Amino acid sequence: GAVVSQHPSRVICKSGTSVKIECRSLDFQATTMFWYRQFPKQSLMLMATSNEGSKATYEQGVEKDKFLINHASLTLSTLTVTSAHPEDSSFYICSVPSGGGTFYNEQFFGPGTRLTVL
Amino acid sequence: SQELEQSPQSLIVQEGKNLTINCTSSKTLYGLYWYKQKYGEGLIFLMMLQKGGEEKSHEKITAKLDEKKQQSSLHITASQPSHAGIYLCGADKAAGNKLTFGGGTRVLVKP
């Protein structure tokens, strides 16, 4: 299967700082990538869709000014958590759909980034 | 929004026994995915189902989607400790690969 990497795998930061998380598709180009968030003992919740060449689209309730997404290239999307607070502590996972984002394609998930805000 | 309910929330099985996890949707499923996750790690793709009545198998894991495309089951035969983890079903959110996930089923296999 396709390989998706995330960096860093784990980050601890102070409240008020910004943290950037990278998601890379190593096997194929992706015009679309997705960002999910998972709180402890909970399921994944879709945060936003990262679109190459255009603005990201955010799910209801997700602050676009707080979670900045940049789809820098066909293999890289970054999620920046701005002015992080302890409630932003979570497990952030990206996914890359195969097939260029068309319907019902296999999705490959990154290994996740655990963010802890002190 | 499309709600996905998984059951059971957790189960403990003896090694060698079979287990089944269910995933039920309030709406017709256009694409249903099964993933396995170990705590604090990424998701491992297991299977994807699209057609009513479809069934797929890989090694000891079989997934089915009912004819109405509102319920899916994941069955593991002769479970092993390596099958332990959290199993998640995800449904395509009507278009474009956005997935809505069920609450997950935590599986523990006792040797």
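The preceding data block contains the structure.
Residues numbered from 1 in each chain as written. Chains lettered and ligands numbered in written order. Predicted model: local features only at pLDDT ≥ 70, side-chain atom pairs only at ≥ 80, totals over all residues. Heavy atoms only, no water.

## Description of the interface of chain A and chain B
Each partner contributes residues to the interface: chain A has 24 residues there, and chain B has 26 residues. Roughly 1900 Å² is buried in total at the junction of chain A and chain B, and carbon and sulfur atoms are behind 53% of that figure. Our count for the contact surface shared by chain A and chain B stands at one salt bridge. Here chain A and chain B share six residue pairs in polar contact (both at pLDDT 80 or more) between them. At the level of elements, β4 (32–38), β5 (44–51), β9 (90–97) and β10 (107–109) of chain A are the ones that each hand at least two residues to the side of chain A that touches chain B. Along the lines of polarity and charge, the residues of the side of chain A that touches chain B split into 11 nonpolar, nine polar and four charged. (Contact = heavy atoms within 4.5 Å. Buried area = accessible area lost by both parts, 1.4 Å probe. Salt bridge = Lys/Arg side-chain N within 4 Å of Asp/Glu carboxyl O. Polar contact = N/O pair within 3.5 Å; in protein donor to acceptor, adjacent residues only side chain to side chain. Helix = DSSP H or I, 4+ residues; strand = E, 2+ residues; numbered from the N terminus. Nonpolar A, V, L, I, M, F, W, Y, C, P; charged D, E, K, R; others polar.)

## What to know about the state of the cysteines
Within this structure, the stated rule accounts for two disulfides over all chains. With its sulfur 2.1 Å from that of its partner, C23(B) forms a disulfide with C89(B). When the S-S torsion is 75°, as for the bridge of C23(B) with C89(B), the disulfide is right-handed. Remark: C89(B) occurs in strand β9 (residues 85–92) and C23(B) occurs in strand β3 (residues 19–25); sequence separation between them is 66 residues. A single burial state applies to C23(B) and to C89(B), both of which are buried. Not engaged in a disulfide, the cysteine C13(A) finds its nearest cysteine sulfur in C94(A); these two sulfurs lie 19 Å apart. (Disulfide = S-S within 2.5 Å. Buried < 20%, exposed > 50% of the residue type's maximum accessible area, 1.4 Å probe, protein only.)

## Comments concerning the sheet that holds strand β8 (residues 71–76) of chain B
Residue and element names in this part refer to chain B. The antiparallel open sheet is built from five strands, whose spatial order is β1-β3-β8-β7-β6. Whereas interior strands pair on both sides, the edge strands pair on one side only; in this sheet they are β1 (4–7) and β6 (55–58). For this sheet, the mean inter-axis angle between neighbouring strands, taken without regard to orientation, is 15°. When β3 meets β8, the two strands line up antiparallel, connected through six bridges. Following the sheet pairing, C23 is matched in β8 by S72. (Pairing = 2+ DSSP bridges. Axes fitted to C-alpha atoms, helices over the stretch in contact; angles between N-to-C directions.)

## Comments concerning the pattern of salt bridges
Residues and elements named next belong to chain A. Applying the stated rule across the entire model yields five salt bridges over all chains. A salt bridge links R24 to E22; the shortest N-O distance between them is 3.6 Å. The partly exposed category is assigned to R24, whose relative accessible area is 34%.

## Comments concerning the sheet that holds strand β8 (residues 76–81) of chain A
Residue and element names in this part refer to chain A. With antiparallel pairing, four strands are arranged side by side in an open sheet as β1-β3-β8-β7. Across the chains shown, the open sheet's two edge strands, defined by having one partner strand only, are β1 (4–7) and β7 (67–73). When strand polarity is set aside, the average angle formed by the axes of neighbouring strands in this sheet is 15°. Of the pairings in the sheet, the one linking β7 to β8 comprises five bridges and is antiparallel in character. Residue pairing for β8: S73 is matched across the bridge by L76.

## A look at the nonpolar core
Counting 24 residues, the largest nonpolar core has W35(A), F67(A), L79(A), Y92(A) and L115(A) as its most contacted members. Sequence-distant contacts of F67(A), that is, excluding residues within four places in its chain, are made with R37(A), M47(A), Y58(A), V62(A), L79(A), T80(A), V81(A), D88(A) and Y92(A). Counting residues in hydrophobic clusters, the runner-up holds 22 residues, among them I21(B), L49(B), A91(B) and V109(B). (Core = buried A, V, L, I, M, F, W, Y, C linked by side-chain atoms within 4.5 Å.)

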